[in-house]
Amino acid sequence: GVRVAIDDLGTGYSSLAYLQKLPAHVVKIDRSFISEIDRNARDQALVRSIITLSHDLGYRVVAEGVESEAAVTLLRSMGCDEAQGYHFARPMEAGHFLPWLRSLTPTSGPI
């Protein structure tokens, strides 16, 4: 029941070689590629390519650092599977999590 994710793909120690070598299930795109995706065509091209490559290799894709509805819209159009970031919620205490979760509607949650 354990699933493995390659975190921060494209930065630091998370090189494309890990897509070939590690038995992972999920690829998480680093927030540095997401933070200006709604304003930067180069970021859009990179993210689209990472999503396509990851799907072709059988990975689910999570975008980190999503902070705007415009970014959510672009990521949905690119086929990103999931997203996380301040657009959805800030870090919160455990006691606040369930009320927040109950307040979500099917269209207000992550991708």
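As shown above, the structure is provided for reference.
Heads up: these notes are all about the structure in this document. (Residues numbered from 1 in each chain as written. Predicted model: local features only at pLDDT ≥ 70, side-chain atom pairs only at ≥ 80, totals over all residues. Heavy atoms only, no water.)

With that settled, the discussion passes to the overall build of the chain. Scanning the chain from terminus to terminus reveals five helices and four strands. Taken across its 111 residues, the chain has 32% of its residues classed as buried. Across the chain, the fraction of contacts at a sequence separation of at least 24, relative to all contacts at a separation of at least 6, is 44%. Approximately 7,000 Å² of the chain is accessible, and the part contributed by carbon and sulfur atoms is 55%. (Helix = DSSP H or I, 4+ residues; strand = E, 2+ residues; numbered from the N terminus. Buried < 20%, exposed > 50% of the residue type's maximum accessible area, 1.4 Å probe, protein only. Contact = heavy atoms within 4.5 Å. Areas by Shrake-Rupley, 256 points an atom, 1.4 Å probe, with all protein chains shown as cover.)

Turning our attention to the nonpolar core. Ranked by size, the top nonpolar core spans 24 residues in total, and within it Ile 29, Ile 34, Ile 37, Val 47, Ile 51, Val 66 and Leu 75 carry the most contacts. Residue contributions to this core peak at five residues, all from helix α4 (residues 69-78). Once residues lying within four places of it in the same chain are set aside, the contact partners of Val 66 are Ile 34, Ala 71, Val 72, Leu 75, Ala 83, Gln 84, Gly 85, Tyr 86, His 87 and Phe 88. (Core = buried A, V, L, I, M, F, W, Y, C linked by side-chain atoms within 4.5 Å.)

Under the counting rule described, the total for this entry stands at one aromatic pair. Their ring planes at 40° and their centres at 5.8 Å tell us that Phe 97 and Trp 100 sit as a pair that is tilted. Of the two residues, Phe 97 and Trp 100 both sit in helix α5 (residues 94-103), three residues apart, roughly one turn of that helix. We classify Trp 100 as partly exposed; its relative accessible area is 24%. One residue, Arg 90, lies across the ring of Tyr 86, its end atom 3.9 Å from the ring centre. (Phe/Tyr/Trp six-rings, centres within 6.5 Å; stacked < 30°, edge-to-face > 60°. Lys NZ or Arg CZ within 6 Å of the ring centre and 35° of its normal.)

So yeah, pure geometry; function would need other evidence.
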